[in-house]
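# Inside the fold
What follows is the residue order along each chain.
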Amino acid sequence: MTKPLFNKIALIGIGLIGGSIALAARRGGLANKIVAATRSEETAATANRLKLVDHCGTDLAAACQDADLVIVCTPVGACGEAARVIAPSLKPGCIVSDVGSVKQAVVDAMQPHLPAGVHFVPAHPVAGTENSGPEAGFAELFDGRWTILTPLPDSDPAAVDKLDAFWKGLGSLTDRLDPAGHDRILAITSHLPHLIAYTIVGTADDLAGHLNSEVLRFAAGGFRDFTRIAASDPTMWRDVFLNNREAVLEVLARFQEDLFYLQRAIRWGEGDKLFDLFTRTREIRRALIHLNQA
Ligand SMILES: NC(=O)C1=CN([C@@H]2O[C@H](COP(=O)(O)OP(=O)(O)OC[C@H]3O[C@@H](n4cnc5c(N)ncnc54)[C@H](O)[C@@H]3O)[C@@H](O)[C@H]2O)C=CC1
Ligand SMILES: O=C(O)C(=O)Cc1ccc(O)cc1
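All of these numbers come straight from a predicted model, not from anything done at the bench.

A word on the pairing of strand S1 (residues 6-12). With respect to burial, S1 is a largely interior element, six of its seven residues being buried. Bridging between S1 and strand S2 (residues 31-37) involves six bridges; their strand directions are parallel. Residue pairing across strands places leucine 11 opposite alanine 36, the latter belonging to S2. Considered for its hand, the β-α-β crossover made up of S1, helix H1 (residues 16-27) and S2 is right-handed. Here four bridges tie S1 to strand S4 (residues 69-72), and the two strands are oriented parallel to one another. Bridge pairing in S4 places alanine 10 opposite valine 70.

Here's what the structure looks like:
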């Protein structure tokens, strides 16, 4: 038996991501002890009933005592306050990380609270589902999916490598980006698609009122796929948009221009413009699948 990477891991917040980390860490034998703490008694009781961790309570600071790795798994908007509350009980040398879908705002919110001697290494597993809460977690979530580490210029290289090894142990592929670069990329590949899904489903629902629900009754493939994304957690996604404002507004402006281009092509019957774009996007999808199979 190889020695686990960490003696004690503490997860702050135990929903889809925290629960999946707990289950995957146990599967990989990555820790001797895994505890969690969360805001509500109800969530803690569910996590305990499901035996996601050795113990889940509601005292965030107590959970972090003697922990070698602490991962904040709350919505992005709660990360700063969580860091403030746990700071006094962090052991010197401990690694503190998070899983937020936005990085720069989380760094700005957490870092000022963390004591010297603690190694802060933010990260983002680019894997998830539309489900949330402790019942949604599963051990295979990260298998073969990317986790992006966004170390800071002064992050301790050994701590970064150790967190990298941890995510590989959870089943992930890993890479590194700077936090602002991460936020620009995710704005287009993840945040904008969610915004579009929320919009389309809202618009269709408004129209359904006028059309006696025929719109939703005959919901075809494309629309159904959007409803899955649009079922994602409202608190989490509110926080994503409020905390990646600039990057999202920038890609949204660009997207609106491109939408107007298509609107114009449809109005004027410019089929070649539509055909050329659709041919290009089909190639992108095929290349992506090829890349993922390689
Ligand atoms: N859902 C997804 O597909 C993905 C989510 N993420 C990121 O992971 C983080 C967690 O997301 P999920 O696990 O999906 O959310 P979730 O809603 O399933 O779980 C969040 C957990 O945080 C707890 N919590 C909320 N506010 C808190 C507070 N103030 N103090 C302590 N605990 C608090 C909740 O009780 C719950 O246990 C978010 O930052 C999100 O951006 C990252 C990758 C994928
Ligand atoms: O469910 C889906 O399709 C997702 O896109 C999941 C997801 C949501 C947020 C992230 O930061 C990463 C992945």
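On we go from here.
What follows concerns the environment of glutamine 104. Secondary-structure assignment places glutamine 104 in helix H5 (residues 104-110). Setting aside residues no more than four positions away along its own chain, glutamine 104 makes contact with Pro179, Ala180 and Asp183.

Attention now moves to the sheet that holds strand S7 (residues 123-125). As summarised here, the arrangement of the three strands in space is S7-S8-S9, forming an open sheet in which the pairing is mixed. For this open sheet the edge positions go to S7 and strand S9 (173-176), each flanked by a neighbour on one side alone. On average, adjacent strands in this sheet sit at an angle of 20 degrees to one another, irrespective of strand direction. When strand S8 (residues 146-149) meets S9, the two strands line up parallel, connected through four bridges. Residue threonine 147 lies in a different strand from S9, and its bridge partner there is threonine 174. Contacts from helix H6 (residues 157-169) reach S7, S8 and S9 within the one sheet, and its direction differs from that of S8 by about 170 degrees.

On to the site of ligand 2. Around ligand 2 sit Ser101, Val126, Ala127, Gly128, Thr129, Glu130, Ser190 and Ile229, and those are all the residues in its vicinity. For the shell around ligand 2, the residue count by class is three nonpolar, four polar and one charged.

Attention now goes to the site of ligand 1. Taken together, 30 residues lie near ligand 1, and Gly13, Gly15, Ser101, Gly128 and Ser132 sit nearest. When residues of the shell around ligand 1 are traced back to their parent elements, those giving at least two are H1, helix H4 (79-86) and helix H10 (234-243). For the shell around ligand 1, the element with the highest residue contribution is H1, accounting for three residues. Per-class residue counts for the shell around ligand 1 are 14 nonpolar, 13 polar and three charged. Lining the shell around ligand 1 are residues from two domains, each supplying at least three of them: domain 1 (6-178) and domain 2 (181-293).

This brings us to the domain arrangement of the chain. Here the chain is described as being made up of domain 1 (6-178) and domain 2 (181-293). Each partner contributes residues to the interface: domain 1 has 15 residues there, and domain 2 has 17 residues. Residues of the side of domain 1 that touches domain 2, tallied by class, amount to six nonpolar, six polar and three charged.

Definitions and cut-offs
Each chain carries its own residue numbering, running from 1 in the direction its sequence is written. A letter from A marks each chain and a number from 1 marks each ligand, given out in the order of writing. Two thresholds apply to this predicted model, a pLDDT of at least 70 for residue-level local features and 80 or more for giving and counting side-chain atom pairs, whereas whole-chain, interface and lining totals are computed over all residues. For the exposure call, what matters is how many other C-beta atoms sit within 10 Å of a residue's own: 20 or more marks it buried, 12 or fewer exposed, and in between partly exposed, using C-beta atoms placed from the backbone. Every helix listed is a DSSP run of H or I at least four residues long, and every strand listed is a run of E at least two residues long, numbered separately from the N terminus. What makes two strands pair is DSSP finding at least two bridges between them. Seen with its strands pointing away from the viewer, a crossover is right-handed when the path leading from the first strand over the helix to the second is clockwise. The contact criterion used is a C-beta to C-beta distance within 7 Å, with each C-beta placed from the backbone. Axis geometry follows a simple rule: fit a line to the C-alpha atoms, using only the stretch in contact for helices, then measure angles between N-to-C directions, giving values from 0 to 180 degrees. Think of it this way: take the backbone, place a C-beta atom on it, and check whether that atom is within 6 Å of the molecule or strand, in which case the residue is near it. When residues are sorted by character, Ala, Val, Leu, Ile, Met, Phe, Trp, Tyr, Cys and Pro go into the nonpolar class, Asp, Glu, Lys and Arg into the charged class, and all the rest, Gly among them, into the polar class. Boundary definitions for the domains trace back to an automatic or database domain assignment.

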